[in-house]
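If you want the building blocks of each chain, they are given just below.
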Amino acid sequence: MSKSSPIEFARQVRQEVSRVTWPSRKETGITTLFVFVMVVVASIFFLAVDIGLSKLVELILGFGA
């Protein structure tokens with residue numbers, strides 16, 4: 001593997017970055033919104049599981065009320 005100069009490295013990086021397909025502003029917005037919705041859904045799910053398990057433990061062990 002041959003070593004290249006910093007200038008050659010920078011040129012190669014620019015060349016690679018120009019090949020990247022960047023998402024549009026609309027795609028980025030939709031993806032961001034989807035992530036926030038999924039975070040809310042997951043939070044509600046884990047809240048429900050946590051409440052359910054705590055009620056189950058309370059019922060079995062008879063304390064924590």
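Residues numbered from 1 in each chain as written. Predicted model: local features only at pLDDT ≥ 70, side-chain atom pairs only at ≥ 80, totals over all residues. Heavy atoms only, no water.

Asks: Could you clarify how one ought to interpret the overall build of the protein in this entry?
Replies: Summing up its helical and strand segments, the protein has two helices and zero strands in all. Rg of the C-alpha trace for the protein: 26 Å, well past the compact-globule value of 11 Å for 65 residues, more than 25% over. In terms of its C-alpha atoms, the protein occupies a principal-axis envelope of roughly 70 × 35 × 15 Å. For the protein, the proportion of its 65 residues judged to be buried stands at 0%. Carbon and sulfur atoms make up 71% of the accessible area of the protein, which amounts to about 6,400 Å² in all. Treating the 7 positive side-chain charges of the protein as one cloud and the 5 negative ones as another, the clouds have centres 13 Å apart. (Helix = DSSP H or I, 4+ residues; strand = E, 2+ residues; numbered from the N terminus. Rg over C-alpha atoms; globule rule 2.2 N^0.38 Å. Buried < 20%, exposed > 50% of the residue type's maximum accessible area, 1.4 Å probe, protein only. Areas by Shrake-Rupley, 256 points an atom, 1.4 Å probe, with all protein chains shown as cover. Lys, Arg positive; Asp, Glu negative; His and termini not counted. Charge placed at Lys NZ, Arg CZ, Asp CG, Glu CD.)

Asks: Can you help me understand the pattern of salt bridges in this one?
Replies: Tallied over the full model, the rule gives two salt bridges. A salt bridge links Arg-19 to Glu-16; the shortest N-O distance between them is 2.9 Å. With Arg-19 and Glu-16 both in helix α1 (residues 6-19), this residue pair falls three residues apart, about one helical turn. Residue classification places Arg-19 among the exposed residues on the basis of a relative accessible area of 55%. (Salt bridge = Lys/Arg side-chain N within 4 Å of Asp/Glu carboxyl O.)

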